Amino acid sequence: MNDVSTSTPVDPETTPEALIERFGRDIINDFDLDDPKFNENFNETLNFMVRKCPVVHSQVGRGYYLINTQDEVRAAAQDWKTFSAAQGYMPNRPEGIPFLMPEECDPPMHTRWRHKLNPHLSPKTVALMEDAIRADVNELIDRFIDKGECEFISEFGTLLPGWAFFKNVLGVPLEDLPALVNGVEEGTFAPDLEERSRHFKGVFEYLNKHLTWRATQPSRGDLIDTILAGVTYDDGTEAPWDHKVSVLVDLTFGGIATTTFVMGSALHHLATNRDQLKMLIEDPSLIENAVEEYARFFPPVVALGRTATRDVEVAGTPIKEGEFVMLTYACASRDPRHMEEPEKVDVRRQGIPHSTFGVGPHRCIGSNLARLELTATLEEWLKRMPDFRIKEGTEPTYVTGYLRSMRSLYLEW
Amino acid sequence: MKVHIDEVNCTGHGRCAKYAPNVFRLNDEDGYNADRGLTIEVPAGEEKNAMLGVKSCPERAITVVEE
Ligand code: HEM
Ligand code: SF4
């Protein structure tokens, strides 16, 4: 460690000139999550930031900070009084998007909702969905196995999480899935903020209608009924209708916008690392652990935001009250201070201290479901198409902002 | 060996029970550690698994209070 109290020798790798040369911009003083260069150099940028820059700043729009190291991310995520989610998780949030519960509120309001919702996605409840999800995995594979090839993202990757969530949790018609998936994707990645807002609103309208309809139906005792029953806040008021719709929107976003990237990345990694593939085929009991390692290294949630409620200092960087702060979960999961060779993907890595599912009270409520989808996918895929490869002459394509997603992955067998 | 599970910081990642099912139990209802807020004894022979659970808890919610 350098002694910061005296004049610190300048690190030639972190001068603005060196950064512009390497990353196309000064990522310490002017980071941009939406920069196409970040999408292109995703791994290199994360690996560099977690080693060299505990906190970086962005001047895009209203500006935001990124916290990159594991200890600092954990401390901030757990300290919800200082880093509040109540102003939302999106940097430069487009006008007119209602806040999503429970993600964009703080305890005790948050606690009321989580307490009611948790049982619907607990390990025990999710385990009951295993057979149905495994059957869905096989039904999707049946559609293309005889072709000898597929475009994984459109033919499997975006469908399975949607099916798993729609059929087992939400109970909405599968025909509506493509429009919702598109609304969620465009609402997250559309280059124009106005457009993001428009797509978001479409998703809200659809789910509002669905919830309104369910309110007229007999209770099924499912997650939707729990949302309809609502919660009582600490001031004695009942959660209003808008909050209920937003809970459904939040769950839908989480349920269909994330798992695809881990799935696609895992298969891409296995296809290009035959030794790891061989290990999993020879010993499928390793798959659960492999899922943990893939979640660590292929994080669909790059960073989510909070707002500082007071002046605070993080790793020596002063942050003022009211400023927007992103927790870079993707960086924290590859912090060399907490694991060996974090840049290496190893399905046998033990005790994986990652933050892909978030840290603190907002820990991903769907994490148990996501793990099940991933495990079932890898198990069935490797049983049925153990010799799959990347299609000659193709490479996967990606899109990145505060989330990361895979757009295409051509496989053959 | 004794470990303490922090009442507030445990947020139900469930990693502890995955690596050390004979040490850590999850609450059936919400999936959080069933012994939140308590100090528990690690059964003899389970120390290594317990340490894996401690290490993989993303919240650092489990601390060893007695070797
Ligand atoms: C690999 C797949 C997934 C990843 C990596 C992921 C990641 C995350 C992360 C990092 C957070 C923390 C948010 C924060 O700190 O502000 C989160 C929260 C959340 N996730 Fe997921 N998620 C995944 C799958 C799912 C699924 C399948 C669902 C729905 C069934 C879901 C629903 C949610 C919800 C509702 C929240 C908000 C929880 C709260 O604020 O209390 N996620 N997710
Ligand atoms: S791993 Fe940590 S946060 Fe998760 S259930 Fe166990 S103690 Fe709680």
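Worth saying up front: this structure is predicted, and the values here are computed from it rather than measured.

A. Fine view of the interface of chain A and chain B. Across the contact, 25 residues belong to chain A and 19 residues belong to chain B. Summed over both partners, the interface of chain A with chain B comes to about 1,900 Å²; 44% of that surface belongs to carbon and sulfur atoms. Area buried by chain A at its contact with chain B is led by Gln78(A), Gly351(A) and Arg363(A), which between them contribute 24% of it. Put simply, chain A and chain B have three salt bridges between them. Residue Lys18(B) pairs with Glu288(A) through a salt bridge whose shortest N-O separation is 3.0 Å. Those elements that provide at least two residues to the side of chain A that touches chain B are helix H4 (70-78), helix H6 (123-127) and helix H16 (287-297) of chain A. For the side of chain A that touches chain B, the class distribution of residues is seven nonpolar, eleven polar and seven charged.

B. Layout of the site of ligand 1. All names here are of chain A. Around ligand 1, the surrounding shell holds 26 residues, and the nearest of these are His 110, Arg 114, Tyr 329, His 362 and Cys 364. Note that an oxygen atom of ligand 1 is positioned 2.6 Å from one of the side-chain N or O atoms of Arg 114. Tyr 329 places a side-chain nitrogen or oxygen 2.6 Å from an oxygen atom of ligand 1. Elements with a contribution of two residues or more to the shell around ligand 1: helix H5 (109-117), helix H13 (241-257), helix H14 (259-272), strand S5 (304-308) and helix H18 (367-384). If one sorts the elements of the shell around ligand 1 by residue count, H13 sits on top with four residues. Grouping the constituent residues of the shell around ligand 1 by class yields 13 nonpolar, nine polar and four charged.

C. The state of the cysteines, seen in detail. Residues and elements named next belong to chain A. With the rule as written, the count across this model stands at zero disulfides over all chains. Left unpaired, Cys 331 is separated from the closest cysteine sulfur, that of Cys 53, by 8.3 Å. For Cys 331, a relative accessible area of 0% corresponds to the buried category.

D. Looking closely at the sheet that holds strand S3 (residues 62-66) of chain B. Residue and element names in this part refer to chain B. Taken in spatial order, the three strands of this open sheet run S2-S1-S3, and their pairing is antiparallel. Among the strands making up the open sheet, the edge pair consists of strand S2 (39-41) and S3. Averaged over all adjacent pairs, the angle separating strand axes in this sheet is 35°, with direction ignored. With four bridges connecting them, strand S1 (residues 2-5) and S3 associate as antiparallel partners.

E. Here's a closer look at the site of ligand 2. What surrounds ligand 2 is the set Cys10(B), Thr11(B), Gly12(B), His13(B), Gly14(B), Arg15(B), Cys16(B), Asn33(B), Cys57(B), Glu59(B) and Ile62(B). Residues belonging to the shell around ligand 2 are distributed by class as follows: four nonpolar, five polar and two charged.

F. Highlighting the side chain of Asp35(B). Residues and elements named next belong to chain B. Assignment of secondary structure puts Asp 35 in the loop between helix H1 (15-19) and S2. Classification of Asp 35 as buried rests on a relative accessible area of 9%. Leaving out residues up to four positions away in the same chain, Asp 35 has contacts with Ile 5, Arg 25 and Ile 40.

G. Highlighting the nonpolar core. With 132 residues, the main nonpolar core has Phe152(A), Phe156(A), Tyr294(A), Trp381(A), Phe388(A) and Leu411(A) as its most contacted residues. Counting 17 residues, the second-largest nonpolar core is a separate cluster that includes Cys10(B), Cys16(B), Ala17(B) and Tyr32(B).

H. Local environment of the pattern of salt bridges. Residue and element names in this part refer to chain A. Evaluation of the coordinates by the stated rule reveals 36 salt bridges over all chains. Between Arg 112 and Asp 234 there is a salt bridge; the shortest N-O distance is 2.8 Å. Note that Arg 112 is positioned in helix H5 and Asp 234 in the loop between helix H12 (223-229) and H13, a separation of 122 residues in sequence. The class of Arg 112 is partly exposed, set by a relative accessible area of 30%. Using a relative accessible area of 52% as the deciding quantity, one classes Asp 234 as exposed. With a closest N to O distance of 3.4 Å, Asp 346 and Arg 348 form a salt bridge. A residue is classified by how much of its surface remains accessible, and Asp 346, at 16% relative accessible area, is buried. The network of salt bridges with shared partners includes Asp 11, Glu 13, Arg 22, Glu 44 and Lys 52.

I. Quick look at the environment of Leu409(A). Residues and elements named next belong to chain A. Among the secondary structure elements, Leu 409 is positioned in the loop between strand S11 (404-408) and strand S12 (410-412). Owing to a relative accessible area of 1%, Leu 409 belongs among the buried residues under this scheme. For Leu 409 and Tyr 398, which are eleven residues apart along the polypeptide, the C-alpha to C-alpha distance reads 9.4 Å. Those residues in contact with Leu 409, other than ones at most four positions away along the chain, are Cys 150, Glu 151, Phe 152, Ile 153, Gly 264, His 268, Ile 390 and Pro 396.

J. Geometry of the packing of aromatic side chains. All names here are of chain A. Applying the stated rule across the entire model yields 16 aromatic pairs over all chains. Between Phe 297 and Phe 298 the ring centres are 5.3 Å apart and the planes differ by 90°, which places this aromatic pair in the edge-to-face class. One exposure class covers both Phe 297 and Phe 298, and it is buried. Sitting above the plane of the Phe 42 ring, Arg 404 keeps its charged end 4.0 Å from the centroid. The ring of Tyr 398 carries Arg 404 above its face, with NZ or CZ at 4.2 Å from the centroid.

What counts, and at which threshold
- Residues numbered from 1 in each chain as written.
- Chains lettered and ligands numbered in written order.
- Predicted model: local features only at pLDDT ≥ 70, side-chain atom pairs only at ≥ 80, totals over all residues.
- Heavy atoms only, no water.
- Contact = heavy atoms within 4.5 Å.
- Buried area = accessible area lost by both parts, 1.4 Å probe.
- Salt bridge = Lys/Arg side-chain N within 4 Å of Asp/Glu carboxyl O.
- Helix = DSSP H or I, 4+ residues; strand = E, 2+ residues; numbered from the N terminus.
- Nonpolar A, V, L, I, M, F, W, Y, C, P; charged D, E, K, R; others polar.
- Near = heavy atom within 4 Å.
- Polar contact = N/O pair within 3.5 Å; in protein donor to acceptor, adjacent residues only side chain to side chain.
- Disulfide = S-S within 2.5 Å.
- Buried < 20%, exposed > 50% of the residue type's maximum accessible area, 1.4 Å probe, protein only.
- Pairing = 2+ DSSP bridges.
- Axes fitted to C-alpha atoms, helices over the stretch in contact; angles between N-to-C directions.
- Core = buried A, V, L, I, M, F, W, Y, C linked by side-chain atoms within 4.5 Å.
- Phe/Tyr/Trp six-rings, centres within 6.5 Å; stacked < 30°, edge-to-face > 60°.
- Lys NZ or Arg CZ within 6 Å of the ring centre and 35° of its normal.

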